[in-house]
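Close look at the chain arrangement
Next come the chains, spelled out residue by residue.
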Amino acid sequence: MEQWADTYNAKGDFPLLIQKLVYASTPELTKCNIPFGSAVNMGGFDGEVESAKGSAYIPKGKCILEFGTNKDFKTKAEKDYTTRSKKDYEGLNKAETTFIFMTPRCWGNKKDWEEEKKKNSIWKDVRVYDSTLLVQWILSVPSVDIWFSQLVGMPVNNLISGSERLKEFLGWERIKLDASFFTAGREDIAMQLKDLITSPTIRAYRRKKRLWHFYWL
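Residues numbered from 1 in each chain as written. Predicted model: local features only at pLDDT ≥ 70, side-chain atom pairs only at ≥ 80, totals over all residues. Heavy atoms only, no water.

1. A closer look at the environment of V135
Examined against the element boundaries, V135 turns out to sit in helix α5 (residues 131–139). Spatially, the C-alpha atoms of V135 and D145 are 9.0 Å apart, while their sequence positions differ by 10 residues. (Helix = DSSP H or I, 4+ residues; strand = E, 2+ residues; numbered from the N terminus.)

Shown next as structure tokens:
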């Protein structure tokens, strides 16, 4: 991940990675605004997330996210924390909001920085997610694991997303079937299946015998 952080596209793709992780692993998500690509230069918070339930990585309630992909990420973290802490924002109660700084770099003493900022009692909580923690988060969400592995050029073995598997299935050279073949007379069920296939957490595994995939579908 740290080698990828040195690439030109990392600044714009890192927020997209976080957005995918949040959507895929956060239940009862009521807000997720994480600009990516060229939109990272628009200003404002790098990300705003709100969940009625929370998860292992996104706490319940409001969260402000700030990102730092360059090597001087500690300076970026300090600047973002200071700026966001001093300025007042309409509709934002910092005492009920978690501040999270995320970086694809390894931050060895991140706990010391967290504890130092928590002592200020400005935010509900202060967290740092560095490469070591983000890799664990990625591995816990197979669909994002696939996407990120392909993004950084790493091989993906024995695992594909549900939507990719369906495209592969419909594109066989020996048997080419239109999607309507499977949905005729089952439109309601088809809509439910579509929701499942496009879900960010559904998985499909490759097997040597393709007949197994007929059963899965």
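The rest of the description comes next.
2. Describing unusual backbone geometry
Residue E28 is not a glycine yet carries a positive backbone phi of 50°. Looking at the element boundaries, E28 is found in the loop between α2 (10–25) and β1 (29–33). Backbone geometry places S121, a non-glycine residue, at a positive phi of 55°. Within the element layout of this structure, S121 appears in the loop between α4 (110–118) and β5 (125–129).

3. Here we look at the side chain of R84
By secondary structure assignment, the location of R84 is in helix α3 (residues 73–86). Within the local environment of R84, its side chain forms a polar contact with the backbone oxygen of G44, the two atoms lying 2.8 Å apart. Leaving out residues up to four positions away in the same chain, R84 has contacts with G44, F45, E66, Y89, K94, F99 and W123. (Polar contact = N/O pair within 3.5 Å; in protein donor to acceptor, adjacent residues only side chain to side chain. Contact = heavy atoms within 4.5 Å.)

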